[in-house]
Each structure stands twice: as structure tokens, then as C-alpha cells.
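Survey of secondary and tertiary structure
As a plain string of letters, each chain reads:
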Amino acid sequence: MKADFDHPFVDYSGREIAVQKGGKSIADQLCLLLFNLSTLGNTPLSGEEKYAAYKLCNRISANPKAVELSTEDAALIKSVAAQVFNAGPYGQIVDLIEHNQ
């Protein structure tokens, strides 16, 4: 499946919002999170899991408009987003993954 993460986050009325430091687009935010990921749900990631997050970060960064995602990639993004973001940003990420198939 492909996903287009080259969008800004928007609030409930459609206005662009900044969610965190480090970039304005959803792609920027996901890359920032994946690049710095060391734990998920208070469980340390293995070296293999960290490397998978790093590779996914690089794929998103290289082409944020058309990111090829495996089922595992999508699950990782959703897990990370659920841990970090509130409902609004999390829902926008899930919509981009599930509606770009």
C-alpha cells in the first residue's frame, strides 16, 4: 500500500496546526519520531526493530508523497503515533494510511 504523508496537520476546523517541533508536515513529524524511537509502550526496541524504524524513516523522508508501506510498517506507524499524539493527529495519520491503499 502507498501513503501520502506530505500534508500538514489540521485542527477540527481544517486550519493548519503545528503539533511538535521539527517540521510542519506529517512526514516530518513521523520521521522525527521514527528516527528517535527507542521504546514502544515502555518496552525497549531490539536492534532489528530500531533498524526497521530507521529504514522506514528514510523511505518517508525520501518520498513523502508516495511511501510504500508493508502491513508491518503501517502497524509500526500507528503504534508510534498512538503513543505520542492526541486523537486528532493520530486519526489523521490513520486516515492517510488506510485511505491511500
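Residues numbered from 1 in each chain as written. Predicted model: local features only at pLDDT ≥ 70, side-chain atom pairs only at ≥ 80, totals over all residues. Heavy atoms only, no water.

**Focus: the packing of helix 1 (residues 26-35) against helix 3 (residues 71-84)**
Put simply, the rule reads: Orientation is described by lines fitted to C-alpha atoms, with helices fitted over the stretch in contact, and by angles between N-to-C directions that extend from 0 to 180 degrees. The numbering of helices and of strands both runs from the N terminus, where a helix is a DSSP run of H or I of at least 4 residues and a strand a run of E of at least 2. Note that the term roughly parallel is reserved for angles under 35 degrees, roughly antiparallel for angles over 145, roughly perpendicular for angles of 65 to 115, and oblique for everything else. Pairs of residues are marked as contacts when any of their non-hydrogen atoms sit within 4.5 Å. Three classes are used, and their members are as follows: Ala, Val, Leu, Ile, Met, Phe, Trp, Tyr, Cys and Pro are nonpolar, Asp, Glu, Lys and Arg are charged, and the others, Gly among them, are polar.
At a closest axis distance of 11 Å, the pairing of helix 1 and helix 3 adopts a crossing angle of 90°. Classified by the interaxial angle, the pair formed by helix 1 and helix 3 is roughly perpendicular. Note on element contacts: helix 3 touches helix 1 through Leu76, Ile77, Val80 and Val84, opposite Leu30, Leu33 and Leu34. Looking at side-chain class alone, the contact of helix 1 with helix 3 contains seven nonpolar, no polar and no charged residues.

**Considerations on the side chain of aspartate 73**
As a reminder, the rule being used: Accessible area is worked out with a 1.4 Å probe on protein chains only. A residue is then buried under 20% of its type maximum, exposed over 50%, and partly exposed in between. Here a polar contact is recorded for every N or O atom pair within 3.5 Å, except that within protein the pair must consist of a potential hydrogen donor and a potential acceptor, and residues adjacent in sequence are included only if both atoms are side-chain atoms.
Mapped onto the secondary structure, aspartate 73 falls in helix 3. A relative accessible area of 15% places aspartate 73 in the buried class. A polar contact is formed between the side chain of aspartate 73 and the side chain of arginine 59, at a distance of 2.4 Å. Not counting residues within four places of it along the chain, the set of residues in contact with aspartate 73 comprises Leu56, Arg59 and Glu68.

**What to know about the packing of helix 2 (residues 47-62) against helix 3**
Between helix 2 and helix 3, the least distance of the axes is 11 Å, while the angle of their chain directions is 95°. Classified by the interaxial angle, the pair formed by helix 2 and helix 3 is roughly perpendicular. Facing Ala53, Leu56, Arg59 and Ile60 of helix 2, the residues of helix 3 in contact are Asp73, Leu76 and Ile77. Within the contact of helix 2 with helix 3, the residues separate by chemical class into five nonpolar, no polar and two charged.

**Let's talk about helix 1**
Counting buried positions along helix 1 yields seven of ten residues, so the element is predominantly enclosed. Looking only at helix 1, the buried set comprises Ile26, Ala27, Gln29, Leu30, Cys31, Leu33 and Leu34. Residues of helix 1 that are buried sit in contact with strand 2 (9-10), helix 2, helix 3 and helix 4 (87-98).

**Regarding the nonpolar core**
Heads up, the rule is: The term nonpolar core refers to a set of buried residues drawn from Ala, Val, Leu, Ile, Met, Phe, Trp, Tyr and Cys, joined through side-chain atoms within 4.5 Å.
Phe5, Leu34, Ile60, Leu69, Ile77 and Ile93 are the most contacted members of the largest nonpolar core, which totals 26 residues. Looking at this core, the elements with two or more residues in it are helix 1, helix 2, helix 3 and helix 4. Ranked by residue count, the leading element in this core is helix 1, at six residues. Not counting residues up to four positions away in its chain, the partners in contact with phenylalanine 5 are Ser25, Ile26, Ala27, Leu30, Ile60, Pro64, Val67, Leu69, Ile77, Leu96 and Ile97.

**Here's the deal with the environment of alanine 74**
Mapped onto the secondary structure, alanine 74 falls in helix 3. By relative accessible area, which is 5% here, alanine 74 ends up buried. Note: C-alpha distance between alanine 74 and asparagine 86 (twelve residues apart in sequence) is 18 Å. Not counting the four nearest positions on each side in its chain, alanine 74 is found in contact with Met1 and Ile97.

**Some words on unusual backbone geometry**
The backbone phi angle of asparagine 42 is positive, close to 65°, even though this residue is not glycine. Along the chain, the position of asparagine 42 falls in the loop between strand 4 (39-40) and strand 5 (43-44).

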